[in-house]
Each structure stands twice: as C-alpha cells, then as structure tokens.
Amino acid sequence: MSAQAHDTQARIAPFDPERIRADFPILATRVNKHPLIYLDSAATTQKPRAVIDSLERYYTENNANVHRGVHTLSQRATQAFEDAREKVRAFINAGSAAEIIFTRGTTDAINLVAQSYARTMLKAGDEILIGEAEHHANIVPWQMLCQHIGCVLKVVPINDAGELELEAVTRAWTPRIKLCAFGHISNALGSINPVREITALAHQAGAKIVIDGAQAVAHGSVNVAALDCDFYAFSGHKLFGPTGIGVLYGKRALLEAMPPYQGGGDMIKVVTFAATEYADLPYKFEAGTPHIAGGIGLGAALDYLDSIDFAGAVAHEHRLLDYATAQAQAVPGLRIIGTARAKAAVLSFTIDGIHPQDLGVILDGHGVAIRTGHHCAMPVMQRFGLAGTARASFAFYNTFDEIDCFFAALAKARRMLA
Ligand code: 7TS
C-alpha cells in the first residue's frame with residue numbers, strides 16, 4: 001500500500017452500521033406500517049445517496065452519447081464512463097482497463113464468454129465443468145452452447161453442507177475438460193468456494209476458468225490478479241450500483257483472440273460492405289450505446305466503498321451471519337440449508353410444515369423483505385430435495401436489531417402458520 005493510501009485509510013472512520021445506514025435513503029422507508037428490514041441484498045443491494053446523486057448529476061449536467069461526439073457533453077460523458085472503467089479495474093486489481101468489458105450484468109457476461117470464447121475455442125466432445133450449486137446464469141448458457149456445438153456439460157457434486165470440495169473437483173476432472181465455470185459464492189447457500197485452488201487445478205490441466213462473482217464482490221475484496229482466473233463476471237446492482245450494468249474481466253490475451261459477441265456501432269474501426277475491422281479492447285465487446293449512467297453509477301458505488309472501512313464492513317457482515325445462524329438454530333423445526341464452514345451473508349432455511357412463500361408474505365406484512373423460492377438455482381434445490389427455501393441475506397447496512405426483529409416476526413409467522 002502506498003503512503004497516500006495508508007493516509008486515506010487512516011482517515012476513514014471505523015465501521016459503524018448506524019452511520020452507514022444514513023447513507024442509504026431507502027432504509028428509512030416504512031413498509032406495511034413497519035420500518036423496512038431489508039434482508040434481500042443477495043437479490044439486489046440498496047444504493048447509497050452517492051450513487052443516486054451521481055445518476056441525477058449525470059442526467060442533469062452531462063448526458064450525451066459516448067465515444068463519438070466532439071462536443072463538450074459527449075467528452076464529459078465519455079470521460080466519466082471511462083473513469084468508471086478504471087475504477088472497476090482498480091477495484092478488482094486487473095492489469096489494464098482494456099480487460100474490463102461493461103456488460104448488462106453477470107448473466108450477460110457469462111453468455112459473452114459462452115458465445116464468444118467457448119463457441120470458437122471448444123469443439124464437439126470437449127467438456128465443460130460446473131458446480132452443483134450454480135445459479136442458472138452459470139448453467140443455462142453452457143447448456144445452450146453444448147446443444148449448439150456438441151460439447152458436454154459435467155457437474156461436480158457438493159457435499160451435504162453445501163460445500164464444493166476441491167477433492168470433488170479433482171475427482172470430477174477429465175482430460176476432455178477445456179473450460180470450467182464456478183460461482184465464487186453461492187447465492188442459494190452462501191458457501192464460499194475455493195476458486196483460487198480450482199483455478200490452479202484448471203490451469204495445470206490446460207483448461208480455462210470463468211468465475212461467477214455476482215455474490216462475491218460485495219462481501220470482500222476480489223483480486224483477479226491473485227486469483228489468476230481467466231474470466232470474472234459480476235453485476236453492478238449487487239455491488240450497491242445500478243441495475244443493467246455489469247462487468248466481464250478477461251485476461252487480455254484471451255479477449256484479443258476472441259471474436260466479438262455482438263455487432264453494431266461502437267465496436268468497429270472501419271465498416272465497408274466487404275468487411276469490418278473491429279475496434280480494440282474493450283470496445284470490441286461493447287456493441288451499441290452502453291449503459292452510460294449505469295457505468296458512472298457503478299463507479300460512484302466503488303468510490304463509496306473506497307470511502308468506508310470496507311474490511312470493517314465485511315467483518316460486521318460475518319458477525320451478523322453468526323448472530324442470525326445462532327438464533328436460527330434455536331427455532332424449532334427450522335433447517336438451515338447450506339452449512340459450509342466458509343460462508344458469507346446468506347441464511348437459507350426451511351421450517352417444517354410452512355411453505356417458504358407463505359412465510360415470505362407474512363414477514364413482508366411486518367416490513368421484513370426476504371426472498372423465497374428456488375433462487376434461480378433449481379438444481380441445488382433438487383439436491384436437497386426441496387422446491388425452495390426462505391433466504392435472508394445481509395449487507396453491511398443491516399444491524400443486530402434488525403435480525404432480532406426478523407426472528408420476532410418469524411416467531412409470529414410460525415404461530416400463525418404452523
Ligand atoms: N450468479 C449468481 C451467483 C447470482 O446470485 C446471480 C443473481 C446471478 C449470477 C445473475 O445476476 P444478474 O445480475 O445477471 O441477474 N442472483 C439473484 C439472487 O440470488 N436473487 O435474485 C438474483
């Protein structure tokens with residue numbers, strides 16, 4: 001860390017959730033006559049004032065299309081959008097801003113890898129390896145590709161705790177595997193997967209790895225250089241930024257060798273009816289007008305994270321999870337789904353005799369927002385013999401008091417429904 005960074009760190013106040021909450025206007029909302037208790041940050045995080053203001057400022061002061069205008073507003077918009085790309089680069093410690101592709105989100109980023117990298121680099125009979133607990137965004141694009149080019153999707157089973165064990169990945173490995181794709185943190189179970197070790201394994205075998213970082217980026221620092229992963233995908237909206245913007249990090253040499261994903265404006269150098277010369281990275285993969293405000297808003301979210309004690313925030317989230325887990329264990333008939341040793345910010349559970357959706361509706365009546373259902377991870381639900389779970393997920397703006405209120409509302413729901 002540079003002396004200047006040290007100095008900045010020293011000036012950041014130690015993490016205080018109450019002070020942090022004041023930065024998130026929506027947290028003061030009342031829902032069904034109760035203060036909102038937002039326990040659905042794994043679906044999407046709330047936005048700090050700094051992000052909301054950045055969107056308003058962009059549209060009131062700087063709105064113009066990027067990369068094409070000589071006029072002042074276009075230059076300002078371009079500068080702000082490219083500054084945001086640099087902030088993303090720094091946030092995940094990528095080597096170059098050319099390796100940061102703006103996408104619509106994690107789903108779009110994984111589809112890009114499937115349709116550009118995998119579609120051209122893999123052939124019939126090659127295998128793709130994924131985990132049993134993946135989100136549909138890290139299953140369906142690979143299935144679609146397999147149908148198209150005749151490669152084969154293989155799945156590593158998880159254990160009863162919901163852990164993806166390195167030994168299981170080793171056991172599932174075959175010489176035909178050319179690509180693997182794993183979630184960094186499971187959205188349905190909260191398990192933190194050993195992605196750095198899996199990356200080393202994949203590289204030893206001459207394969208590439210895609211990491212689905214949708215759930216990881218908000219819960220600890222991600223360092224793509226240290227992970228050495230080939231691709232890393234995430235969504236702005238799960239990182240306190242806007243919806244509709246996401247990121248694909250890819251190693252430069254791979255991105256250079258890949259054909260464009262979509263064609264159109266902004267991704268070209270020269271177009272004639274005979275042939276088109278594509279733009280350099282990262283624009284080759286950004287056809288059409290991008291989500292300019294979204295990118296700028298994501299940059300503002302990263303500035304915000306830089307301005308708080310993020311390590312303290314992550315430690316607070318772990319304490320929240322431990323606190324909630326201990327209370328959950330004391331609820332009769334409650335079964336926690338996902339009991340991995342390494343876990344982050346997610347408490348998925350069922351209660352005997354109560355449908356998760358009924359529970360969700362009653363909790364909503366008390367102002368408590370949780371998610372219920374299969375969480376876009378149907379295969380892992382099937383693995384546990386369930387149609388769905390109730391899921392409380394945490395961010396650093398949650399408090400111990402909110403968890404107490406959640407369990408008080410849960411007790412009322414049990415009395416009503418059981
Ligand atoms: N991968 C994981 C691990 C996710 O949790 C999600 C979204 C995605 C991919 C897709 O992200 P998107 O931004 O492209 O939609 N997960 C959830 C969730 O758990 N509840 O709502 C969305």
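Because the structure is a prediction, the values reported are computed rather than measured. Throughout, a residue's number is its position along its own chain's written sequence, starting from 1. Per-residue local features are limited, in this predicted model, to residues with pLDDT of at least 70; the limit for side-chain atom pairs, both in listing and counting, is 80 or more; totals at the level of whole chains, interfaces and linings are taken over all residues. As a rule here, side-chain values cover all heavy atoms of the structure and leave hydrogens and water aside.

Here, proximity means that at least one heavy atom of the residue falls within 4 Å of the molecule or strand. Around the ligand lies a shell of 15 residues, among which Thr-107, Asp-212, Ser-235, Arg-371 and Arg-391 are the nearest. Under the rule applied, a polar contact is a pair of N or O atoms within 3.5 Å (in protein, one hydrogen donor and one hydrogen acceptor; residues adjacent in sequence only if both atoms are side-chain atoms). Contact between the ligand and Thr-107: an oxygen atom at 2.6 Å from a side-chain N or O atom of the residue. Taking Ser-235, its side chain carries an N or O atom lying 2.7 Å from an oxygen atom of the ligand. The Shrake-Rupley method, run with a 1.4 Å probe, gives the accessible areas here. Residue values count only the displayed protein chains as cover. Protein contacts shield 87% of the accessible area of the ligand, which totals 490 Å² for the unbound molecule. Its residues placed into classes, the shell around the ligand shows 4 nonpolar, 7 polar and 4 charged. Split by domain, the shell around the ligand shows at least three residues from each of two domains, domain 1 (3-48 + 309-417) and domain 2 (53-306). Residue polarity follows a fixed list, in which Ala, Val, Leu, Ile, Met, Phe, Trp, Tyr, Cys and Pro are nonpolar, Asp, Glu, Lys and Arg are charged, and the others, Gly among them, are polar. All the domain ranges listed were derived from an automatic or database domain assignment.

Moving on: the environment of Ala-408. Think of it this way: any DSSP run of H or I at least four residues long counts as a helix, any run of E at least two long counts as a strand, and we number them from the N terminus. Position of Ala-408 among the secondary structure elements: in helix α15 (residues 400-417). Along the primary structure Ala-408 and His-71 are separated by 337 residues, whereas in three dimensions their C-alpha atoms are 58 Å apart.

Okay, the confidence of the model for the protein chain next. Per-residue confidence for the protein chain averages 96 on the pLDDT scale, and 97% of its residues sit at or above 70. Confidence drops under pLDDT 50 across residues 1-6; counting only partners more than four residues distant or on other chains, this segment forms 2 contacts. Known as pLDDT, the predictor's confidence for each residue is given on a scale from 0 to 100. Two residues form a contact once any of their heavy atoms are found within 4.5 Å.

Turning next to the nonpolar core. Side-chain atoms within 4.5 Å link the members of a nonpolar core, which is a set of buried Ala, Val, Leu, Ile, Met, Phe, Trp, Tyr and Cys residues. To sort residues, take the accessible area from a 1.4 Å probe on protein chains only and compare it with the maximum for the residue type: under 20% means buried, over 50% means exposed, and anything in between is partly exposed. Ranked by internal contacts, the top residues of the largest apolar core, which has 79 residues, are Tyr-232, Leu-239, Phe-240, Leu-305 and Phe-396. Both domain 1 (3-48 + 309-417) and domain 2 (53-306) contribute no fewer than three residues apiece to this core. Each residue touching Leu-239, except ones within four places of it in the same chain, is listed here: Thr-45, Phe-91, Val-217, Ala-218, Phe-234, Leu-298, Ala-301, Leu-302 and Leu-305. Judged by nonpolar contacts, the second largest core, of 29 residues, contains Ala-98, Ala-114, Ile-149 and Val-210.

This part takes up the pattern of salt bridges. For salt bridges, the criterion is a side-chain nitrogen of Lys or Arg within 4 Å of an Asp or Glu carboxyl oxygen. Scanning all chains against the criterion turns up 20 salt bridges. Arg-68 is paired through a salt bridge with Asp-266; the nearest N and O atoms lie 3.6 Å apart. You can see Arg-68 sitting in the loop between α3 (49-62) and α4 (72-92) and its partner Asp-266 sitting in the loop between α10 (252-257) and β11 (268-271), a full 198 residues away along the chain. Judged by its relative accessible area of 48%, Arg-68 falls in the partly exposed class. Note on Asp-266: relative accessible area 18%, which makes it buried.

Parsing the protein chain into structural domains produces domain 1 (3-48 + 309-417) and domain 2 (53-306). For domain 1 versus domain 2, the separation of C-alpha centres amounts to 26 Å. In this complex, domain 1 contributes 40 residues to the contact, which on the side of domain 2 involves 34 residues. Note on terms: buried area is the combined drop in 1.4 Å-probe accessible area of two parts once they are placed together, counting the loss on both. When the area that domain 1 buries against domain 2 is broken down by residue, the three leading residues are Phe-310, Cys-376 and Arg-383, summing to 19%. There are 3 salt bridges connecting domain 1 and domain 2. A salt bridge links Arg-341 to Glu-163, with the shortest nitrogen-to-oxygen separation between them at 2.9 Å. Between domain 1 and domain 2 we count 24 residue pairs in polar contact (both at pLDDT 80 or more) in total. Residue assignment for the side of domain 1 that touches domain 2 shows that the elements contributing at least two residues are α12 (310-329), β14 (346-351) and α14 (378-383). Ranked by the residues each element gives to the side of domain 1 that touches domain 2, the list is headed by α14, at 5 residues. A breakdown of the residues in the side of domain 1 that touches domain 2 according to their chemical character gives 25 nonpolar, 8 polar and 7 charged.

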